[in-house]
There are 2 protein chains.
Amino acid sequence: MKVNEVAKLVGISVRTLHHYDEIGLLRPSKNPYTGYRTYSDSDLTMLQQILFFKELGFSLKKIKEIINSPEYDQLEALKMHRKMLVDKREKFDLMLQTVDQTIEAKEGGFEMSNQDKFKGFDFSENPYEDEARERWGDAKVDEAKENAMGINDAEQKRMNDIYRKLAELRQGDPKSDEAQTAIKEWYDFLNKNFTTYTPEMFQGLGMMYVQDERFQKNIDQFGEGLAQFMSEAMVEFGERNK
Amino acid sequence: MKVNEVAKLVGISVRTLHHYDEIGLLRPSKNPYTGYRTYSDSDLTMLQQILFFKELGFSLKKIKEIINSPEYDQLEALKMHRKMLVDKREKFDLMLQTVDQTIEAKEGGFEMSNQDKFKGFDFSENPYEDEARERWGDAKVDEAKENAMGINDAEQKRMNDIYRKLAELRQGDPKSDEAQTAIKEWYDFLNKNFTTYTPEMFQGLGMMYVQDERFQKNIDQFGEGLAQFMSEAMVEFGERNK
DNA sequence: TATAAGCTCTCACGTTACGTGAAAGTCAAC
DNA sequence: GTTGACTTTCACGTAACGTGAGAGCTTATA
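Residues numbered from 1 in each chain as written. Chains lettered and ligands numbered in written order. Predicted model: local features only at pLDDT ≥ 70, side-chain atom pairs only at ≥ 80, totals over all residues.

By the naming in an unreviewed UniProt entry, chain A goes by MerR family transcriptional regulator and is assigned to Alkalibacillus haloalkaliphilus.

Mapped onto this numbering, the UniProt entry annotates "domain: HTH merR-type" (unreviewed entry) at residues 1-69 of chain A. Split by type, residues 1-69 of chain A is 58% helix and 6% strand. Its first and last C-alpha atoms lie 26 Å apart. (UniProt positions renumbered as here; feature names shortened; annotations may be inferred. Helix = DSSP H or I, 4+ residues; strand = E, 2+ residues; numbered from the N terminus.)

Below, the discussion takes up the interface of chain B and chain A. The interface is formed by 43 residues belonging to chain B together with 43 residues belonging to chain A. Residue assignment for the side of chain B that touches chain A shows that the elements contributing at least two residues are α1 (3-10), α3 (41-55), α5 (74-107), α6 (114-117) and α8 (153-169) of chain B. Here the side of chain B that touches chain A gets 17 residues from one element, more than from any other, and that element is α5 of chain B. (Contact = placed C-beta atoms within 7 Å.)

All right, on to the relation of the copies chain B and chain A then. For these two chains of identical sequence, chain B goes onto chain A by a turn of 180° and a shift of 0.0 Å along the axis, with RMSD 0.1 Å. Such a turn and shift between the copies fits a two-fold axis. Closest to the rotation axis within chain B is the C-alpha of R89 of chain B, separated from it by 2.9 Å. Most of the interface of chain B is mirrored in chain A, where 100% of its interface residues again form contacts. (Least-squares fit on C-alpha atoms with pLDDT ≥ 70 in both.)

Let us now look at the protein's contact with DNA strand D. Near DNA strand D, the surroundings consist of 19 residues, among which S13, S59 and L60 of chain A together with N4 and R37 of chain B are the closest. If one sorts the elements of the surface near DNA strand D by residue count, helix α2 (residues 14-22) of chain A sits on top with 3 residues. (Near = placed C-beta within 6 Å.)

Close to DNA strand C lie 20 residues; N4 and R37 of chain A together with S13, S59 and L60 of chain B are nearest. Looking at the surface near DNA strand C, the elements with two or more residues in it are α1 (3-10), α2 and α8 (153-169) of chain A together with α2 (14-22) and α4 (60-67) of chain B. In terms of residues, the surface near DNA strand C owes the most to one element, α2 of chain B, which gives 3 residues. Looking at the surface near DNA strand C residue by residue, the classes come out as 6 nonpolar, 9 polar and 5 charged. (Nonpolar A, V, L, I, M, F, W, Y, C, P; charged D, E, K, R; others polar.)

Listed below in structure tokens is the structure:
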């Protein structure tokens, strides 16, 4: 297939296909005399995969790393895509609820809390990248580990996003599966960026969150009562993972 | 609220808020002595609206135009957001079907057509921009109207997207509501970019699509039988709109 | 066989939406 | 008064293309 035919079939521009060729993401065969590109069926299958990852927020650089990984398996990737699309659809459902609540508030002439205004909004770092990395492993981590509390902005943002997610759950049960899943992200984050935390240490840290007022104050910025909630969730997490 | 507090509440960066201030999209009040920004509750409501539009693919420039329009109404915008979120969720559903079909094809060891591989993929120009423009009107059109067939790339892309959407429907009934809705986009496109088409002229054009082999060949690039399908849809559209 | 329209190529500048780091000022707790 | 955290502006960098130019290739037509 010629470049214009592919562009029309898929609904992307010729420039996009050229760009993907330039960066080595999708390399069609070329007529050596004229330089014209020809896309095979397997090129198109690969393009489908690329566009799935792109739709899920991966950068082209990441996509290239993933699909060039020796462990990369298309079937497994498709299954992961499926899961991620379901997740994204749920995220839209949550956004829909926020829109509905905002409409109700406006029509009813009352105010929403600022926190509720942004429920379901999620501009965090692509949450699927960690999962993709686990599957098609990255020998090196993208962000160099830094000294305690000297983490860079990207890590700071990741941290903030974990806090925000926990803040959204804090009205619920800290022992719920949802809360335990979210607090595990915090556990993983700490292990990745700082020292190795045992479940016991994690419990201890959790207790400090409510005992030390500075910790409590910092964390409660993300939502009143979040420190208490996290503390209980971390204690429970420790119990379950000893 | 301070800039860092807003950033954490919403899950965006301080740099993003600075950028929005710089471009005049979201202008919080400022302490005249220190230059510090303070975000009010209505600033946060506006930020919510901005992020809704952004989630739906609008550029910051467009968002600025929309929210600064004298006719802009937040309640109406929220209702439109709701509709668009539902549309996007349906698009995810279609993508899910494509993923499922791709998985099935791989596990069953058979091939999907190239066309089916990209069903549900939609990288068209933001389809909601026209709707937003209709509501909060743009005195000038972004793309200058050009002479027949001398349209620019953006219009060419819009045209291609309409064709692709119709191609996806061409196995069905050209008289179905879905088909009629899609062919109306084509009708609107022609009226916007070329001359004023009456429903009768539109029917005549449709007939030409199958009578003139060059037309048929061009259109069928997007899918075999598309010219015939469009022709029938256009005739029906004309009948309904005389 | 020449011509013309459409398509292809590469090149290179432009755009958008921030990220990132530096340098300097402000704030609030100790 | 000091210090750490936060704020400001500035400016260069990045990613992912869009866009137009100039030149070559392809295919249909006269």
